Amino acid sequence: ARTSALNMVQQLDLKTGQSQLDTAVVDRFNALPYPDDKVLAEYVWVDAKGECRSKTRTLPIARTEAVDKLPRWNFDGSSTDQAPGDDSEVILRPCRIFKDPFRPRADGLDNILVMCDTYTPAGEALPTNSRAIAANAFEGKDDEEVWFGLEQEFTLFNLDQRTPLGWPKNGVPNRPQGPYYCAAGPENSFGRAVTDAMYRCCLYAGIEISGTNGEVMPGQQEYQVGPCVGIDAGDQLFMSRYILQRVCEEFQVYCTLHPKPIVEGDWNGAGMHTNVSTKSMREAGGLDIIKKAIYKLGAKHQEHIAVYGEGNELRLTGKFETASINDFSFGVANRGASVRIGRDTEAEGCGYFEDRRPSSNADPYLVTGKIMATIMEDIEVPEIAPLDRAEA
């Protein structure tokens, strides 16, 4: 009897957590109707490590009609490294509402996801509240109508957190990178179902997700968010990351935003290329405005690198479609430069530029806010010669 009980416990351990993958179990509870006068609100915030946390509350419909009607909430900041244990209360301030793709309803109402930032009970922004920092950079500059398009790369692993999807355990693929980029077929594409599910969830939520593609390294994927105006780019990108992690939870795969998850061998890293365009850049003569902005970025290269993500030195080596972390450069259609101007922008004389330096784990609030602060600064900086492709 003891052996039988032990076997039963071992079987339970092996299957614990897998019921969420059994649609019959999940559907049984999802079929229960929601009260017609209440909405579930998932409050999402960014913790001290730049990762998303969340918790749910029930609200009357009237409190969810606009973000300024949502109540503030609180959480235990000592459990997220955002407050000491003897004064642990952190205030959540709602900033942006999205539809909840994980709790759809059939009664014409929507449960919601709420992007929040964090404050002390006295109303001071936490040191980890990067949204407040970005808000200062964007304040008073609505007339610039700055657009951001963020390219979020990520890498999918098995739950051992060691083996990327499509890789043999304790080994490497039998082909170098190249055939996997934007490819189809079981020998080339790994994780498409995860990316497609995330895509649908983001569209449902109201995120301006504009596309996805398989990336150069097997197991690596990318999606794009934007164009978004101002600080909304950070709100949308962080919520998309939260949705990505929730989808990976359902598929039971591990997702990392590390900029260089595989350091041995000739494999690309992962970035968050940031496309930027102000109103004046999109108008006639905008190319000159773009170049002046790029010169300013070059003058503050190290300041930007400091907020462009952890571990970025492993990625920005001057190889694998990157520029060196130590040097600033720009070029037309040059993916080996720090900043790239597209061929269409050059030909039309206006458009946008792409900052290729931010890493995949970079904070989008800090990145967009820092770019905004730099390109709007009224300073004279020296011109920079474009980097010829042969020099990259």
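Coordinates for the structure precede this section.
Residues numbered from 1 in each chain as written. Predicted model: local features only at pLDDT ≥ 70, side-chain atom pairs only at ≥ 80, totals over all residues. Heavy atoms only, no water.

## Some points on the pairing of strand β4 (residues 89-99)
Bridge analysis of strand β3 (residues 73-76) against β4 gives 4 bridges, and the strand direction is antiparallel. Residue pairing for β4: Asp 76 is matched across the bridge by Glu 89. Bridging between β4 and strand β5 (residues 112-119) involves 8 bridges; their strand directions are antiparallel. Residue Lys 99 lies in a different strand from β5, and its bridge partner there is Ile 112. (Pairing = 2+ DSSP bridges. Helix = DSSP H or I, 4+ residues; strand = E, 2+ residues; numbered from the N terminus.)

## Re the nonpolar core
Among the nonpolar cores identified, the biggest contains 60 residues, and Ile 207, Met 239, Ile 243 and Phe 353 are the most heavily contacted of them. A per-element tally of this core places helix α5 (residues 232-251) first, with 9 residues. In this structure, Leu 59, Leu 70, Phe 75 and Val 114 belong to the second largest nonpolar core, which totals 15 residues. (Core = buried A, V, L, I, M, F, W, Y, C linked by side-chain atoms within 4.5 Å. Buried < 20%, exposed > 50% of the residue type's maximum accessible area, 1.4 Å probe, protein only.)

## Quick look at the pairing of β5
Most of β5 sits out of view: 8 of its 8 residues are buried. The two faces of β5 match: Ile 112, Val 114, Cys 116 and Thr 118 on one face and Leu 113, Met 115, Asp 117 and Tyr 119 on the other face are all buried. Pairing between strand β1 (residues 38-46) and β5: 4 bridges, direction parallel. Its bridge partner lying in β5, Tyr 43 is registered against Val 114.

## Considerations on the packing of aromatic side chains
Scanning the entire structure with this criterion turns up 9 aromatic pairs. Ring geometry for Tyr 43 versus Trp 73: centroids 5.2 Å apart, planes at 80°, classification edge-to-face. Taken as a pair, Tyr 43 in strand β1 and Trp 73 in strand β3 lie far apart in primary sequence, 30 residues in all. You'll find Tyr 43 and Trp 73 in the same group, each marked buried. With 6.2 Å between their ring centres and 65° between their planes, Tyr 295 and Phe 330 make a pair best called edge-to-face. Here Tyr 295, found in helix α6 (residues 286-299), pairs with Phe 330, found in strand β11 (residues 330-332); they are 35 residues apart in sequence, far enough to count as distant. One exposure class covers both Tyr 295 and Phe 330, and it is buried. Lying across the ring of Trp 147, Arg 282 places its NZ or CZ 3.6 Å from the centre. (Phe/Tyr/Trp six-rings, centres within 6.5 Å; stacked < 30°, edge-to-face > 60°. Lys NZ or Arg CZ within 6 Å of the ring centre and 35° of its normal.)

## Focus: α5
With 20 residues, α5 extends 28 Å between its outermost C-alpha atoms, agreeing within 8% with the 28 Å of an ideal straight helix rising 1.5 Å per residue. Within α5, 16 of the 20 residues are buried, leaving the element largely enclosed by the surrounding structure. Just downstream of α5, Gln 252 is the residue with a positive phi angle, here 60°. (Expected span 1.5 Å × (residues − 1).)

## Considering unusual backbone geometry
In this structure, Pro 227 follows Gly 226 across a cis peptide bond, with omega equal to 5°. Its place among the elements puts Pro 227 in strand β8 (residues 220-229). The phi dihedral of Glu 145 is positive, around 45°, even though this residue is not glycine. Within the secondary structure, Glu 145 sits in the loop between α3 (130-138) and β6 (147-157). By relative accessible area, which is 35% here, Glu 145 ends up partly exposed.

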